[in-house]
Each structure stands twice: as structure tokens, then as C-alpha cells.
Amino acid sequence: DLNRYEYHKDHIDTYKSIKKILRKKHIKTNLIEYEVWTTLRYPNIFLDIEDVKEQKVAAINQHKSQTDNLDYENLIIGLNTYRGLSKNMQCAEAFYCEKEKNQEKIRSIKRKIKSRIKGE
């Protein structure tokens with residue numbers, strides 16, 4: 001996952017590795033961060049996920065090694081509910097796109113994310 005403020009060490013290392021590769025290869029892209037263990041400080045994209053929430057729960061529950069000792073399903077759906085309420089939605093995923101301030105571009109990114117979630 002990509003979230004520079006992530007609590008989990010493996011996730012932090014993943015973020016740093018991706019950033020290093022992008023710099024080294026001079027790749028210009030919109031790096032989109034999202035929440036797993038740690039909330040984003042300043043999310044600027046919110047995606048309504050109410051219609052795919054059950055799919056998300058099913059996917060979470062496939063990872064038995066991570067969910068056997070932790071009620072991750074309720075934790076993440078609680079976060080998604082909180083994010084949704086803050087944006088007048090029932091359930092939302094929060095993202096941060098560092099280089100994106102243009103609202104039309106953000107709408108385009110949201111459409112792409114939604115398409116991937118739905119498996120299109």
C-alpha cells in the first residue's frame with residue numbers, strides 16, 4: 001500500500017521503495033495513497049464504496065492470517081463509515097493524490113479507481 005504515514009513497517013518500506021524507483025527512473029505519475037492501518041492526514045479524494053462494501057468485506061476475510069486475531073473487518077468498515085459521513089456518503093474510501101489539485105483530474109482518477117474496484 002502507499003501511505004507515507006503508515007504505521008506498519010512493511011507498508012512504510014513499500015512506500016519508500018516505490019518513491020525511490022519513480023525518482024531513479026524519472027517516472028512522472030500521480031501517486032495515490034490510501035488507508036490500511038493508518039489514516040491519511042489530508043485526503044483529497046473520497047470515493048463512495050457503499051455498493052461494493054460487501055465485496056471489500058469478503059476480500060478482507062480471505063486474509064485469515066491477518067484477521068484471525070484482529071477484527072479488521074469492523075475496524076476498516078468503521079473507518080470507511082467515518083470517511084463517508086464526513087463527505088455525506090454512507091461508506092467511503094479516502095485517498096491522497098499529492099500532485100493533483102485540478103478537480104476534473106480528480107474526478108477522472110475517481111472514475112478509474114471505481115472501475116478497478118468493480119473489476120471493469
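Refer to the structure presented above.
Every chain's residues receive numbers from 1 upward, in the order its sequence appears when written. For this predicted model, a pLDDT threshold of at least 70 governs which residues receive local features, and a threshold of 80 or more governs which side-chain atom pairs are given and counted, while totals over whole chains, interfaces and linings are taken from all residues. Water and hydrogen atoms were dropped before computing side-chain values, which therefore reflect all heavy atoms in the structure.

1. Here's the deal with the sheet that holds strand β2 (residues 45-48)
In sheet architecture, strand pairing relies on hydrogen bonds along the backbone and comes in two forms, parallel and antiparallel.
Next up, step 1: Pairing is antiparallel in the open sheet, where three strands are placed in the order β1-β3-β2. Where the open sheet ends on each side, the last strands, each with one partner, are β1 (32-34) and β2. Strand-to-strand, the axes of this sheet are offset by a mean angle of 35°, without reference to chain direction. Think of it this way: DSSP has to see at least two bridges between two strands before they count as a pair. Each helix is a run of DSSP H or I of at least 4 residues and each strand a run of E of at least 2, with the numbering of both proceeding from the N terminus. Each axis is a line fitted through C-alpha atoms, taken for helices only over the stretch in contact, and angles between the N-to-C directions span 0 to 180 degrees.

2. Some thoughts on helix α1 (residues 9-24)
Next up, step 1: Given a rise of 1.5 Å per residue, 16 residues ought to cover 22 Å, and the 22 Å separating the end C-alpha atoms of α1 matches this to within 8%.
Next up, step 2: Under the scheme applied here, a residue whose accessible area is under 20% of the maximum for its type counts as buried, over 50% as exposed, and between as partly exposed, the area being computed with a 1.4 Å probe on protein chains only. Looking at α1, one finds that the buried residues are H11, Y15 and L22. Down the axis, α1 shows its buried residues gathered within 40° of arc, on one side only. The outward face of α1, more than 90 degrees from its buried face, is lined by the exposed residues K9, K16, K20, R23 and K24.
Next up, step 3: Check the buried side of α1 and you find it contacts β1.
Next up, step 4: The positive-phi residue at the C-terminal boundary of α1 is H26, with phi of around 55°. By definition here, a helix of n residues has an expected span of 1.5 Å times n minus one. Each direction from the helix axis to a C-beta atom contributes to the arc, which is the arc of those directions. Residue contacts are defined here by distance: any two heavy atoms, one from each residue, within 4.5 Å place the two residues in contact.

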